[in-house]
Amino acid sequence: MARSLAEIRFYTPKTLEEALAIRAAERSDAMPMAGGTDVMVWRRAAPDEGPAAYLSLWGLRELKQITKRQSCIEIGATATFAQLARSPLLRENFPALVEAARHVGAAQIQNRATIGGNVVNGSPAGDSLPVLAVAPAMVVLTSKGRGTRRVPFGAFYTGYRQTVLEDDELLVSFELPLPPPGTWSGFEKVGSRRAQTISKVMAALQARLDGDTLHGVALAYGSVAPTVIRLPRTEALLEGCSPSERLADDVSGTLNQEIAPIDDLRSTAAYRRFAAVGLLRRLLRRCAAAQGRAAA
Amino acid sequence: MSVGESVARKDGPDKVRGLTRYIDDHNPAGCWFGATVRSAIPHGRIKNISFPKGTRWDRFVMATAKAIPGRNCVPFLTEDLVLLADGYVRYVNEPILLIAGPNHDEVERAARAVEIDYEPLPAILTLDEAIAAGTTDGCQVPRPLHIRRGDIEEGFARADTIVEGTYRVGHQEHVYLETNGFIAWWEPDGRVVVKGSMQCPYYVQRALKMLFALPGEKVEVIATPTGGAFGGKEDFPSVLAGHAALLSREVGRPVKMVYNRTEDFTSTTKRHPARVHYRTGVDKEGTFTACSVDFVLDGGAFITMSPVVLSRGVIHASGPYHYPAIEIHGRCYATHTPPNGAFRGFGVPQVFFGIERHVDRIAARLGMDPVEIRRRNLLKPGMRTATGQLLRDGVSAAEVLADAVDRSGYRERSKRPAPGPGEPRRGVGLALYMHGAGFTGSGEARMKSLVGMRLTRSGRVEILTASTDMGQGTRTVFPQIAARAMNIDVDQVFVAEPDTARVPDSGPTVASRTVTIVGRVVQQLAETLARRILRFVAEEQGGGPDGYALQGTHVLSREHGTPVGTLADIAARMTEASGDVYLEQGYTLNPDIRWNEETHEGDAYPVYAWGCTVVEVALDPDTLEVQTTQVTASHDIGTVVNPVLAEGQVEGGVAQSIGYGLYEEVHWHEGRMLNPGFTNYVIPTSVDLPDIDAGFVENPFPDGPFGAKGLGELPIHGAAPAIANAIAQATGIDVCELPVTPERLLAASNAAAQGARDDRHDPASETKKGEAT
Ligand SMILES: Cc1cc2nc3c(=O)[nH]c(=O)nc-3n(C[C@H](O)[C@H](O)[C@H](O)COP(=O)(O)OP(=O)(O)OC[C@H]3O[C@@H](n4cnc5c(N)ncnc54)[C@H](O)[C@@H]3O)c2cc1C
């Protein structure tokens, strides 16, 4: 039964410990809420079905940091996309994540929307997801009872908007392994317009440039399957090649076998297939240009 | 000299400071909230309405069609629209039952809890289905319209080439910032008062009179500041006002109903979808010899405004061109979808997409320049339009075309070098158009728009009209016109709140008529009032009225050039001497205007305004995304009363037309709108819009106030067809449907590639007159 806003309980813990205790006690009765940019939209769309309580993570300073560790960059779950876009650490090591952050909604949304919310929401159109997939990120989950566990990003989703997150757990951070020298990464998105748009297709590419050839290629797509996906066979074809826009068309056959887009309100399967190749072309063109600059 | 100056908006400071009170900012004491229970199916009978356990129904008040004391009818051009469905529904979201209670959220929840059983009937959901079926059960349609001039057979026989094409457009949502909203209450003396966001207070009054069987003096309608309308608050407010008033009558308290965005999207009117077919004969030089047009509209489930939308579309379907022979056929079909209604342009953007795309396709066919083919065929003074209207002065098709082409650098832009790999492909396109201002034919003679003007005791001039300000600037430009006519300061003049208990019926705020029609009466009244003031001064001070003049805030003696008194002092003495200084006058249509409604022959409009829009686009080869990179517009709206406001109208019109051309699309499933929100109903944001260079050509209209024509609708005609032409130029893809989304472009280019492959196997021999699309 629906509740008016006055009947909804709203927890505002100040520490992670406090938050985990509430989480353990309330389980699925209290929905975690970071920036609220997805949660509030659901509430309005289905006012009769919202949860009885929310557990706000907004006040947890410890989850907002972006820090350099020995072999990784750690990004707190409630770091906002505005924070990500401004971070010198990310600009240096994961420019693709900065690009993705700048593509989320527009300024107002970037000020509220968090990377943890984007990942737990689990929409295949979540803009940060392909970048986390190519990094590849480790997802750090914590609960009061069982402590901390690390799940590779590739194992975090079990199906369309299904994750391994348990109802006593919170996502606390992402660990992105520091890329080796010479690594290039980029993100490309196509939506219905230039801002405030949900992706029709987006892609992230990360690879090390050794001379003029690509190595350790990682390629991920969003909005072309029930979850964000890596394209291992296409990656293998790109391995050792020299980046060029023609290369995208050369691998397009395999690429199209690896994705499974659908027709929906926002686009068509045919267009998503076309644009998926187009985005790879853009990425490889940019990568080639970067390589040209590095060589010059 | 306030006409021609960019006087700051009178409503500006309050809007900027957030002090303006829109309808949702009003909360009368003891007010209840209303919600609407709507049909879940597109067509069928209502078997049963039930109120399941779990809701305290005794805490709410409900109303169905049975509660309506007068007729269950919201009258427009016909009387088919019902206020509440009575046992039978004709579209998804048709209102069936109203419910009120003291708490907004609880009322909404209760409305969702009501259960309705239906006996579904087969539904007609698209224009194509309606055309195939011929008729749509339970729905009426307006009569078809036909225009014929000249010898069509002879015209086509003379043609060297005949080009045909079919052009399609879908719904468009108005997307005003402020959704529809009303508050209604009943006074102890039996009067009903409604307040809300609207364009046409007297339309609302007419509807309430019929619904509640009341005389006009018992129905008071007050227009609150209106946050955008675009035609969407021409017809629909009469429905919502009726709902709020009916609930208030049942509850015995004020009732407020303000739609959220979803309800506004799903349940209010939109632009009519259309299909228009052109068949044009053209000789070797590129001169049109004949044209045959077939224009069909989807009116939705009720007639509402469709007859006049159809009529306007039919009249404008020939575009700004001359044809020795032309026939235009217009029909409107019904579907089991929400009634379509008024929307800026009113049937005309649909035909201009068709004609302006078609003319470019003819040019391409002949290997002619798009500017040249237009220049050769455009209307000039002394020519007759498709309705046989003899155009005298004020015809600027040639001027706006030349101006827009020059200022945009169209020539240079169309000769850009081919792009490098990965670089955007650029294209440039244009559209030429016109718009008839005011009501069609003798409509303005019938309407006789009444305007009132009062000299207040403090020497200020109050303009009383039912013309609302929905953001377009009525409250600013009327004072400019009056101030210029009287030669007084514009600060001395103000516009009264549109309240039917106080203001006369100056007609609806529609049809680009406010400045050119109502403004003309404002000018005449101001001149009369000035003469009256000067006569009074002459009687007081001696000499004739010609010895005095108004200036700024004073009356001067002409001889000495010195003030003889302030307007304030003189007004005080005038009111003392003769009571309220109030004048009222109606509009007189130029008697030379002749119109035959039956045959659609004659002078369709007192005047046309003209425009040309040039758009440059950049098309991304990797994704087929189209970005508009430059828009240059040229419009002849006669005298420009307020340049900043006029540019604002052009920029807004262009933006809305870019939306129509590239982004805006209503998705339906079984009669239900699938994208009733900003996530999936895509309008351009500020970063999607280019620089818009809005220039004007001023070709004054002798019967307009200081030469002004109409402006509001004109600028929405150009960008969409110009974009389609630019994309066709850049890609060679034959764009015939809006919006031109990347998905549609891909499908069209795949189809063309497929067609080219098929042709290779089966080379169709080109005949002189063979082309079909
Ligand atoms: C106007 C608008 C535009 C948008 N544009 C984009 C866009 O361009 N690209 C895009 O990807 N998204 C977009 N979004 C969606 C949304 O902003 C993102 O998904 C955002 O990252 C969600 O983050 P949040 O902090 O607001 O999540 P919330 O709404 O707070 O939460 C989302 C989900 O994650 C869970 N959750 C959040 N944090 C945690 C945690 N630390 N541990 C466990 N569970 C958690 C919540 O319980 C909830 O289920 C847009 C949204 C709006 C309203």
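All values derive from a computational prediction rather than experimental measurement.

## With respect to the overall build of chain B
So, point 1. Along the backbone of chain B there are 19 helices and 30 strands.
So, point 2. For a compact globule of 773 residues, the expected C-alpha radius of gyration is about 28 Å, and chain B comes in at 27 Å, within 12% of that figure.
So, point 3. With respect to the three principal axes, the spread of C-alpha positions in chain B is 90 × 80 × 50 Å.
So, point 4. Scored against the burial criterion, the 773 residues of chain B give a buried share of 61%.

## Notes on the domain arrangement of chain B
Residues and elements named next belong to chain B.
So, point 1. Domain assignment breaks chain B into domain 1 (13-121 + 180-258), domain 2 (274-440 + 597-740), domain 3 (443-586) and domain 4 (743-773).
So, point 2. Contact with domain 2, which involves 14 residues of that partner, is made by 9 residues of domain 4.
So, point 3. Where domain 2 abuts domain 4, roughly 920 Å² becomes buried across the two surfaces, and 56% of that area is made up of carbon and sulfur atoms.
So, point 4. Ranking the residues of domain 2 by area buried against domain 4 places Arg 365, Leu 624 and Ile 733 at the top, with a combined share of 53%.

## A few points about the site of the ligand
All names here are of chain A.
So, point 1. Around the ligand, a shell composed of 33 residues is seen, among which Pro 32, Gly 35, Thr 37, Asp 38 and Thr 114 lie nearest.
So, point 2. In the environment of the ligand, an oxygen atom lies 2.6 Å from a nitrogen or oxygen atom belonging to the side chain of Thr 114.
So, point 3. Take Asp 127: an N or O atom from its side chain is 2.7 Å from a nitrogen atom of the ligand.
So, point 4. Sorting the residues of the shell around the ligand by element identifies strand E2 (30-33), helix H2 (39-45), helix H7 (115-121) and strand E10 (169-177) as the ones contributing at least two each.

## Quick word on the pattern of salt bridges
As a working rule, side chains carrying opposite charge can pair if their charged atoms are close by.
So, point 1. Scanning all chains against the criterion turns up 64 salt bridges over all chains.
So, point 2. Here A:Arg285 and B:Asp622 are joined by a salt bridge, their closest N and O atoms 3.0 Å apart. Remark: B:Asp622 occurs in the loop between strand E26 (607-619) and strand E27 (626-636) and A:Arg285 occurs in helix H12 (residues 269-295); the pair is interchain, linking two chains.
So, point 3. Residue class for A:Arg285 comes out partly exposed when judged on its relative accessible area of 21%.

## Points about the side chain of B:His243
So, point 1. Within the secondary structure, B:His243 is located in helix H6 (residues 236-251).
So, point 2. Those residues in contact with B:His243 that lie beyond four places of it in its chain are B:Leu83, B:Leu84, B:Pro95, B:Leu98, B:Met257 and B:Tyr259.

## Comments concerning helix H15 (residues 514-541) of chain B
Residues and elements named next belong to chain B.
So, point 1. The end-to-end C-alpha distance of H15 is 38 Å, a good match for the 40 Å that 28 residues give at a rise of 1.5 Å each.
So, point 2. Largest kink in H15: about 30°, centred on Arg 520.
So, point 3. After H15 finishes, the residue Gly 542 shows a positive phi value of roughly 90°.

## A word on the nonpolar core
Soluble globular proteins tend to pack their nonpolar side chains together in the buried interior.
So, point 1. Grouped together as the largest cluster of nonpolar side chains are 173 residues, with contacts concentrated most on A:Tyr221, B:Val194, B:Leu208 and B:Ile727.
So, point 2. Residues within four places of B:Val194 in sequence aside, it is in contact with B:Phe182, B:Ile183, B:Ala184, B:Val204, B:Leu208, B:Glu220, B:Val221, B:Ile222, B:Ala241 and B:Ala245.
So, point 3. Judged by nonpolar contacts, the second largest core, of 47 residues, contains B:Val521, B:Leu529, B:Ala530 and B:Val555.

## With respect to the packing of helix H14 (residues 474-486) of chain B against H15(B)
Residue and element names in this part refer to chain B.
So, point 1. Contact geometry of H14 with H15 gives a least axis separation of 8 Å together with a crossing angle of 40°. Comparing the axis directions of H14 and H15 gives the class oblique. When you trace H14 past H15, the crossing you get is right-handed. Residues Thr 474, Val 477, Phe 478, Ile 481, Ala 482, Ala 485 and Met 486 of H14 pack against Thr 514, Val 515, Val 518, Gly 519, Val 522, Gln 523, Ala 526, Glu 527, Leu 529, Ala 530 and Ile 533 of H15.
So, point 2. Across the contact of H14 with H15, the residue classes tally to 13 nonpolar, 4 polar and 1 charged.

## Looking at the interface of chain A and chain B
So, point 1. Taken together, the contact pairs 29 residues of chain A with 28 residues of chain B.
So, point 2. Between chain A and chain B, a total of about 2400 Å² is buried, with carbon and sulfur atoms accounting for 51% of that surface.
So, point 3. Among the ionic pairs, B:Asp622 bridges to A:Arg282, the shortest N-O distance being 3.9 Å.
So, point 4. For the pair chain A and chain B, the number of links is 15 residue pairs in polar contact (both at pLDDT 80 or more).

## Let's talk about the state of the cysteines
All names here are of chain A.
So, point 1. Applying the stated criterion across every chain, the model contains 0 disulfides over all chains.
So, point 2. Unpaired in terms of disulfides, Cys 241 finds its nearest cysteine sulfur in Cys 287, a separation of 11 Å.
So, point 3. Judged by its relative accessible area of 22%, Cys 241 is partly exposed.

## Looking at the pairing of strand E12 (residues 255-258) of chain B
All names here are of chain B.
So, point 1. Relative to E12, strand E1 (residues 32-38) runs parallel, the two being bridged by 2 bridges. Bridging from a neighbouring strand, Phe 33 pairs with Lys 256 of E12.
So, point 2. Bridge count for strand E9 (residues 181-186) against E12 is 4 bridges, and the pairing is antiparallel. From the neighbouring strand, Ile 183 faces E12, where its bridge partner is Lys 256.

## Digging into empty space enclosed by the protein
Space left empty within the atom packing is revealed by a probe, the size of a water molecule, rolled over the atoms.
Residue and element names in this part refer to chain B.
So, point 1. Tallying each qualifying case throughout the model produces 4 cavities of 30 Å³ or more.
So, point 2. The volume enclosed by the largest cavity comes to roughly 150 Å³.
So, point 3. Taken together, 16 residues line the largest cavity, and the ones lying closest to its centre are Leu 81, Tyr 91, Phe 236, Val 239 and Pro 339.
So, point 4. When its residues are assigned to classes, the lining of the largest cavity shows 9 nonpolar, 4 polar and 3 charged.
So, point 5. Its boundaries defined by the atoms lining it, the second largest cavity holds a volume of some 40 Å³.
So, point 6. Those elements that place two or more of their residues in the lining of the second largest cavity are E1 and E12.
So, point 7. Considering each element in turn, the lining of the second largest cavity owes the most residues, 3 residues, to E1.
So, point 8. The residue inventory of the lining of the second largest cavity, partitioned by class, reads 4 nonpolar, 2 polar and 2 charged.

## Considerations on the sheet that holds strand E7 (residues 147-152) of chain A
Two modes of strand pairing occur in sheets, parallel and antiparallel, and in both the strands are linked by backbone hydrogen bonds.
Residue and element names in this part refer to chain A.
So, point 1. Strand order in the open sheet formed by 5 strands is E4-E5-E10-E6-E7, and the pairing between neighbours is antiparallel. Bordering the open sheet on either side are strand E4 (66-68) and E7, each of which pairs with just one other strand. Mean inter-strand twist for the sheet, computed between neighbouring axes without regard to direction, equals 25°.
So, point 2. Across the sheet, helix H1 (residues 16-26) is in contact with strand E6 (138-143) and E10; its angle to E10 comes to roughly 130°.

## Considering unusual backbone geometry
So, point 1. With an omega of -20°, the peptide bond running from A:Ala135 to A:Pro136 counts as cis.
So, point 2. Along the polypeptide, A:Pro136 turns up in the loop between helix H8 (129-134) and E6.
So, point 3. Of note, the bond from B:Leu738 into B:Pro739 is cis; its omega dihedral lies within 30 degrees of zero at -10°.
So, point 4. Among the structural elements, B:Pro739 can be located in the loop between helix H18 (719-731) and helix H19 (742-761).
So, point 5. A positive phi is found at B:Val175, a non-glycine position, where the angle reads about 55°.
So, point 6. Note that B:Val175 resides in the loop between strand E8 (161-169) and E9.
So, point 7. Even without glycine at this site, B:Phe230 takes up a positive phi of about 55°.

## Topic: the sheet that holds strand E30 (residues 691-696) of chain B
Residues and elements named next belong to chain B.
So, point 1. Taking strand neighbours across the sheet as the criterion, the 4 strands line up as E16-E26-E27-E30 in an open arrangement whose pairing is mixed. Each of the sheet's edge strands pairs with one partner strand only, and the pair in question is strand E16 (425-437) and E30. Ignoring strand direction, the axes of neighbouring strands in this sheet form an average angle of 15°.

## Here we look at H18(B)
Since one α-helical turn is 3.6 residues long, residues separated by three or four positions face the same way.
Residues and elements named next belong to chain B.
So, point 1. Taking 1.5 Å per residue, 13 residues should reach 18 Å; H18 reaches 18 Å between its end C-alpha atoms and fits that length.
So, point 2. Of all 13 residues in H18, 11 are buried, a share of seventy percent or more.
So, point 3. Inspection of H18 places Ala 719, Ala 720, Pro 721, Ala 722, Ile 723, Ala 724, Asn 725, Ala 726, Ile 727, Ala 728 and Ala 730 among the buried residues, and these make up the whole buried set.
So, point 4. Looking at the residues trailing H18, positive phi occurs at Gly 732, about 75°.

## Quick word on the packing of helix H8 (residues 306-316) of chain B against helix H9 (residues 348-366) of chain B
Residues and elements named next belong to chain B.
So, point 1. With their axes 8 Å apart at the nearest point, H8 and H9 run at an angle of 30° to one another. With respect to H9, the axis of H8 lies roughly parallel. Crossing handedness for the pair H8 and H9: right-handed. Contact residues: Arg 312, Gly 313 and His 316 in H8; Val 348, Val 351 and Phe 352 in H9.
So, point 2. Taken together, the residues that form the contact of H8 with H9 break down as 3 nonpolar, 2 polar and 1 charged.

## Observations regarding the packing of aromatic side chains
So, point 1. What the rule picks out here adds up to 17 aromatic pairs over all chains.
So, point 2. Put simply, the rings of A:Phe153, A:Phe156 and A:Tyr157 pair up and form one aromatic cluster.
So, point 3. Lying across the ring of B:Phe343, B:Arg271 places its NZ or CZ 4.0 Å from the centre.
So, point 4. Over the ring of B:Phe156 we find B:Arg279; its NZ or CZ atom is 4.3 Å from the centre of that ring.

Thresholds applied
Residues numbered from 1 in each chain as written. Chains lettered and ligands numbered in written order. Predicted model: local features only at pLDDT ≥ 70, side-chain atom pairs only at ≥ 80, totals over all residues. Heavy atoms only, no water. Helix = DSSP H or I, 4+ residues; strand = E, 2+ residues; numbered from the N terminus. Rg over C-alpha atoms; globule rule 2.2 N^0.38 Å. Buried < 20%, exposed > 50% of the residue type's maximum accessible area, 1.4 Å probe, protein only. Domains from an automatic or database assignment. Contact = heavy atoms within 4.5 Å. Buried area = accessible area lost by both parts, 1.4 Å probe. Near = heavy atom within 4 Å. Polar contact = N/O pair within 3.5 Å; in protein donor to acceptor, adjacent residues only side chain to side chain. Salt bridge = Lys/Arg side-chain N within 4 Å of Asp/Glu carboxyl O. Expected span 1.5 Å × (residues − 1). Bend = angle between axes of the 7 residues up to and from the residue. Core = buried A, V, L, I, M, F, W, Y, C linked by side-chain atoms within 4.5 Å. Axes fitted to C-alpha atoms, helices over the stretch in contact; angles between N-to-C directions. Parallel < 35°, antiparallel > 145°, perpendicular 65-115°, else oblique. Left-handed = near helix turned anticlockwise from the far one by under 90°. Nonpolar A, V, L, I, M, F, W, Y, C, P; charged D, E, K, R; others polar. Disulfide = S-S within 2.5 Å. Pairing = 2+ DSSP bridges. 1 Å grid on protein atoms, 1.4 Å probe; cavity = no way out; pocket = protein on both sides within 12 Å on 5 of 7 lines; lining within 4 Å. Points joined across faces, edges and corners; volume = space filled by probe spheres on them. Phe/Tyr/Trp six-rings, centres within 6.5 Å; stacked < 30°, edge-to-face > 60°. Lys NZ or Arg CZ within 6 Å of the ring centre and 35° of its normal.

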